[in-house]
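Reading the structure
Listed here are the chains, written in short residue letters.
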Amino acid sequence: MNEFSFLSCSPKETISLAGRLARLLRGGEVIYLLGEMGTGKTLFARGFISSLGFDGYVTSSTFVLQQVYNCDPPVVHLDLYRIEKEEELLDLGWEDFVGEYTMLVEWADRFSHQIPAAHITVSFKAVEEEKRKITIKAIPEYGDIIRRLADDTGN
Ligand SMILES: Nc1ncnc2c1ncn2[C@@H]1O[C@H](COP(=O)(O)OP(=O)(O)O)[C@@H](O)[C@H]1O
Ligand SMILES: [Mg+2]
């Protein structure tokens, strides 16, 4: 299985799903977080990073653009929403982290040709006020991980 969808009925469920995914991965993966504003991308990133032992505040990178978390495995969180030119994208300095740090990239679809290809893509869609359809797709090498995530999510 390389894809599964989950209906999250609360922010808590989204955080919990993110934590389960984070703990199944080895580290160094490139993860695209896609979907309209306000659908839960940053919340998912928070859940992901917190579950890896980071106990500070995970900021919204819409304002910071790039944040590095020295959790285990380490994470770099990017938000490309406000980036306009490829030059600004490269100035962030994320290239040094590729392969070693897990990359969580909001609005990755704006620059998908300039950044590394995704191992996993997480897409968010608002269904109702507190409901989000979250679809997780992965390259074939991550099929087992997606299956395990789907199994223990039971949805
Ligand atoms: N099931 C849900 N999953 C994720 N977020 C939810 C959910 N229900 C309501 N929300 C709210 O939607 C908002 C998502 O914000 P955020 O994560 O910053 O979105 P994005 O980064 O996609 O712009 C938060 O205010 C969160 O509380
Ligand atoms: Mg965001």
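Within the protein chain, the secondary structure is distributed over 5 helices and 7 strands. Taken along the three principal axes of its C-alpha coordinates, the protein chain extends 45 × 30 × 30 Å. Split into buried and exposed, the 155 residues of the protein chain put 38% on the buried side. In the protein chain, once contacts between residues fewer than 6 apart in sequence are set aside, the share between residues at least 24 apart is 67%.

Bringing the pairing of strand E6 (residues 120–128) into the picture now. Where strand E2 (residues 30–34) lies against E6, 4 bridges are found, and the strand directions are parallel. Looking at E6, one finds that Leu-34 is bridged to Ser-123. Pairing of E6 with strand E7 (residues 131–138) involves 8 bridges; the strand directions are antiparallel. Each bridged residue has a counterpart across the sheet, and for Glu-128 the counterpart in E7 is Lys-131. Connecting E6 to the next strand, E7, in antiparallel fashion are 2 residues.

Taken together, 18 residues lie near ligand 1, and Thr-14, Gly-40, Lys-41, Thr-42 and Leu-43 sit nearest. Those elements that provide at least two residues to the shell around ligand 1 are helix H1 (11–24), helix H2 (41–50) and E7. For the shell around ligand 1, the per-class residue count stands at 3 nonpolar, 9 polar and 6 charged.

Here the focus is the packing of H1 against H2. Relative orientation of the contacting elements H1 and H2 amounts to 50°, with a least axis distance of 7 Å. Of the possible angle classes, the one that applies to H1 and H2 is oblique. Note that H1 runs across H2; the crossing there is right-handed. The segment H1 lies against H2, with Pro-11, Thr-14, Ile-15, Ser-16, Ala-18, Gly-19, Leu-21 and Ala-22 engaging Leu-43, Phe-44, Arg-46, Gly-47 and Phe-48.

Time to look at the sheet that holds E7. Across the sheet, 7 strands lie side by side as E1-E7-E6-E2-E5-E4-E3; this open sheet has mixed pairing. In this open sheet, the two strands that pair with only one neighbour each are strand E1 (3–8) and strand E3 (66–69). The mean inter-strand angle of the sheet, taken between neighbouring strand axes irrespective of direction, is 15°. Docked against the sheet, H1 engages E1 and E7, running at close to 150° with respect to E1. Across the sheet, H2 touches E2, E3, strand E4 (75–79), strand E5 (102–106) and E6, and the angle it forms with E5 is around 165°.

Formed by 41 residues in total, the largest nonpolar core has its most connected members in Ile-31, Leu-33, Phe-48, Met-103, Leu-104, Val-105 and Ala-108. Excluding anything up to four places from it in sequence, Phe-48 contacts Ala-18, Gly-19, Leu-21, Ala-22 and Leu-104.

Cut-offs used in this document
- Residues numbered from 1 in each chain as written.
- Chains lettered and ligands numbered in written order.
- Predicted model: local features only at pLDDT ≥ 70, side-chain atom pairs only at ≥ 80, totals over all residues.
- Helix = DSSP H or I, 4+ residues; strand = E, 2+ residues; numbered from the N terminus.
- Buried ≥ 20, exposed ≤ 12 C-beta atoms within 10 Å, placed from the backbone.
- Contact = placed C-beta atoms within 7 Å.
- Pairing = 2+ DSSP bridges.
- Near = placed C-beta within 6 Å.
- Nonpolar A, V, L, I, M, F, W, Y, C, P; charged D, E, K, R; others polar.
- Axes fitted to C-alpha atoms, helices over the stretch in contact; angles between N-to-C directions.
- Parallel < 35°, antiparallel > 145°, perpendicular 65-115°, else oblique.
- Left-handed = near helix turned anticlockwise from the far one by under 90°.
- Core = buried A, V, L, I, M, F, W, Y, C linked by C-beta atoms within 7 Å.

Read these as geometric descriptors, not functional statements.
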